[in-house]
Structures are given as C-alpha cells and as structure tokens.
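Close look at the chain arrangement
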Amino acid sequence: MRTFGLIRSLLLCVFLALGALAQPTTPKEHFGFSPGDDYKLANYDQIRSYFEKLASESDRIRITDLGQTSEG
C-alpha cells in the first residue's frame, strides 16, 4: 500500500511539472512589466517579438504578413 502512495505522488509531480512546462511566456516575463502599468508602454518591436516568441512556443499561433502599412 505504501508503494502505491509513493507511485501516485511521483506521477502527480510529473504531471504538474509537465503542465508548468507547457505554459506560454507571460507579457510580464517578456517585457519586464505588466501591460497597463503606469508609465510603461511596449513599442512595436517589443510587441512583435513577443508574438513571435509565442508563435515559436505554441503550435496554435501562426504569424502571417498581410502586407505593408501606408508608412511602409
């Protein structure tokens, strides 16, 4: 009975560790501040790099260029 409890605890730890690995990068981890913080604003390059990072971490995100803006 004791072995069963040990195996169950070990499996729980493995599943929790795998769940933690599957978490995407948060905006706070990437930018160094939370969106909406006072006097903090991410620029275009930072936002684009964040979405590119998310796309590389997940198979659910795909970045597609639709064309150039009027400013090029």
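A brief structural summary. The written sequence of each chain sets the order in which its residues are numbered from 1. Only residues with pLDDT of at least 70 get local features here, since the model is predicted, and only at 80 or more are side-chain atom pairs given and counted; chain-wide, interface and lining totals rely on the full set of residues. Side-chain measures here rest on the full set of heavy atoms in the structure, leaving out hydrogens and waters.

A run of DSSP states H or I qualifies as a helix once it reaches four residues; a run of E qualifies as a strand once it reaches two. Both are numbered from the N-terminal end. Helices and strands together make up the secondary structure of the protein, namely three helices and zero strands. Counting helices and strands in the order they occur from the N terminus, the protein gives α-α-α. Summary of the burial criterion: residues with accessible area below 20% of their type's maximum are buried, those above 50% are exposed, and those between are partly exposed, where the area comes from a 1.4 Å probe applied to protein chains only. The burial tally for the protein puts 10% of its 72 residues in the buried class. Element-wise, carbon and sulfur atoms account for 58% of the exposed surface of the protein, whose accessible area totals about 6900 Å². In these tables, accessible area is a Shrake-Rupley quantity obtained with a 1.4 Å probe, and a residue counts as shielded only by the protein chains included in the view.

Each aromatic pair joins two rings of Phe, Tyr and Trp (for Trp, the six-membered one) with centres within 6.5 Å, and gets the label stacked for planes under 30 degrees apart, edge-to-face for over 60, and tilted for any other angle. Applying the stated rule across the entire model yields three aromatic pairs. Taking 5.8 Å as the distance between ring centres and 25° as the angle between the ring planes, the aromatic pair formed by F31 and F33 counts as stacked. Both residues of the pair, F31 and F33, count as buried. Ring geometry for F31 and Y50: centres 5.4 Å apart, planes at 50°, overall tilted. Of the two residues, F31 sits in helix α2 (residues 27–31) while Y50 sits in helix α3 (residues 44–57), which places them 19 residues apart along the sequence.

A few words on the side chain of T25. Within the secondary structure layout, T25 lies in the loop between α1 (2–21) and α2. Overall, T25 belongs to the buried group, its relative accessible area being 10%. Side-chain polar atoms of T25 contact the side chain of E57, separated by 2.5 Å. Here a polar contact means two N or O atoms within 3.5 Å. Within protein one must be a hydrogen donor candidate and the other an acceptor candidate, and residues neighboring in sequence count only if both atoms are side-chain atoms.

The end-to-end C-alpha separation of α3 is 20 Å, in line with the 20 Å expected for 14 residues at 1.5 Å each. Within α3 the residues assigned to the buried category are Y50, L54 and A55. Relative to the axis of α3, the buried residues are bounded by an arc of 140° and lie together on one face. Counted as exposed and oriented over 90 degrees from the buried face of α3: D45 and S56. Pairs of residues are marked as contacts when any of their non-hydrogen atoms sit within 4.5 Å. In this structure, the buried residues of α3 make contact with α2. In this structure N43 caps α3, since a side-chain oxygen of it lies 3.2 Å from the backbone nitrogen of D45. Helix span is expected to be 1.5 Å times the residue number reduced by one. Directions are taken from the helix axis to each C-beta atom, and the arc is the one they span.

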